[in-house]
Amino acid sequence: FGPADSDFVRRALPTELGYFAKFAADVSWGVFAGAVADGRIVAHAHTSARTGGFANIAVETLEAYRRHGYCSAAASLVARAVQSAGETPVWSCGETNAASARVAQKLGFEYVGHKTYVIKSRP
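So, a few notes on the structure that sits alongside this text. (Residues numbered from 1 in each chain as written. Predicted model: local features only at pLDDT ≥ 70, side-chain atom pairs only at ≥ 80, totals over all residues. Heavy atoms only, no water.)

**Side note on the overall build of the chain**
- Scanning the chain from N- to C-terminus turns up 4 helices and 4 strands.
- When the elements of the chain are put in sequence order from the N terminus, they spell out α-α-β-β-β-α-β-α.
- Over its C-alpha atoms the chain spans a radius of gyration of 15 Å, differing by no more than 12% from the 14 Å that the globule rule assigns to 123 residues.
- Counting only C-alpha atoms, the chain reaches 40 × 40 × 35 Å along its principal axes.
- Residues counted as buried form 35% of the 123 residues belonging to the chain.
- Here the chain has roughly 8200 Å² of accessible surface; of this, 53% comes from carbon and sulfur atoms.
- Here the chain contributes 13 positively and 10 negatively charged side chains, and the mean placements of these two sets differ by 4 Å. (Helix = DSSP H or I, 4+ residues; strand = E, 2+ residues; numbered from the N terminus. Rg over C-alpha atoms; globule rule 2.2 N^0.38 Å. Buried < 20%, exposed > 50% of the residue type's maximum accessible area, 1.4 Å probe, protein only. Areas by Shrake-Rupley, 256 points an atom, 1.4 Å probe, with all protein chains shown as cover. Lys, Arg positive; Asp, Glu negative; His and termini not counted. Charge placed at Lys NZ, Arg CZ, Asp CG, Glu CD.)

**Structural notes on the packing of aromatic side chains**
- On inspection of all chains with the given rule, the structure shows 2 aromatic pairs.
- Considering the side-chain rings of Trp91 and Phe109, the 5.4 Å spacing of their centres and the 55° angle between planes classify their relative orientation as tilted. Of the two residues, Trp91 sits in strand 4 (residues 88-91) while Phe109 sits in the segment after helix 4 (98-106), which places them 18 residues apart along the sequence. (Phe/Tyr/Trp six-rings, centres within 6.5 Å; stacked < 30°, edge-to-face > 60°.)

**A word on the side chain of His44**
- Position of His44 relative to the elements: it lies in strand 2 (residues 40-51).
- Excluding residues that lie within four positions of it along the chain, His44 makes contacts with Leu13, Leu17, Phe32, Ala33, Gly34, Ala58, Val59, Glu60 and Ala74. (Contact = heavy atoms within 4.5 Å.)

**Digging into the pairing of strand 4**
- Side chains Pro89 and Trp91 of strand 4 all project onto a buried face; the interleaved residues Thr88 and Val90 project onto a face where none is buried.
- Sheet topology places strand 3 (residues 54-61) next to strand 4; 4 bridges connect them, and they run parallel. Within strand 4, the residue paired with Ala55 across the bridge is Pro89.
- Once the chain exits strand 3 it traverses helix 3 (residues 70-84) before rejoining the sheet at strand 4, and the crossover so formed is right-handed. (Pairing = 2+ DSSP bridges. Right-handed = clockwise from strand over helix to strand, strands pointing away.)

**Remarks on the pairing of strand 2**
- With 6 bridges connecting them, strand 1 (residues 32-37) and strand 2 associate as antiparallel partners. Along strand 2, the bridge assignment pairs Ala33 with Ala45.
- From the end of strand 1 to the start of strand 2, which pair antiparallel, there are 2 residues, and Asp38 there has a positive phi angle of about 55°.
- Of the pairings in the sheet, the one linking strand 2 to strand 3 comprises 8 bridges and is antiparallel in character. Counterpart to His46 in the pairing with strand 3 is Ala58.

**Quick look at the sheet that holds strand 1**
- Strand order in the open sheet made by the 4 strands is 1-2-3-4, with mixed pairing throughout. The two strands at the open ends of the sheet, each matched to only one other strand, are strand 1 and strand 4. For this sheet the average axis-to-axis angle between neighbouring strands, irrespective of direction, equals 25°.
- Helix-sheet contacts for helix 3 involve strand 1, strand 2, strand 3 and strand 4, and the interaxial angle to strand 2 is about 30°. (Axes fitted to C-alpha atoms, helices over the stretch in contact; angles between N-to-C directions.)

**Topic: unusual backbone geometry**
- Positive phi outside glycine occurs at Asp38, with the angle close to 55°.
- Here Asp38 lies in the loop between strand 1 and strand 2.
- The backbone of Arg67 sits at a positive phi, close to 70°, despite the residue not being glycine.
- The residue Arg67 is located in the loop between strand 3 and helix 3 in this model.

Right under this line is the structure:
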């Protein structure tokens, strides 16, 4: 999807998958692809960060549409667009997010390493 698709995306992007302002921001500098079923976007992938020749891919799928290949299809389009731009696609997910890791593996991503994030609790 691109800026010309804004009207469709505004109507078809369920609130469970984010909000339209994020789509508008993403397509202004990155790549956004979605899978459409039943007249709405049921899964999407986008570049969540682009730096130094790398682009991180983020994905999300409505629960009722998981395990049907929608996320894989959208993420594949984003990864190809990133590569066509001369950048390296990067995939990151939490260690307990097995579904995301399966999609990454299916698309040919290889495990390179992990990072630990420390989140300071609020008082």
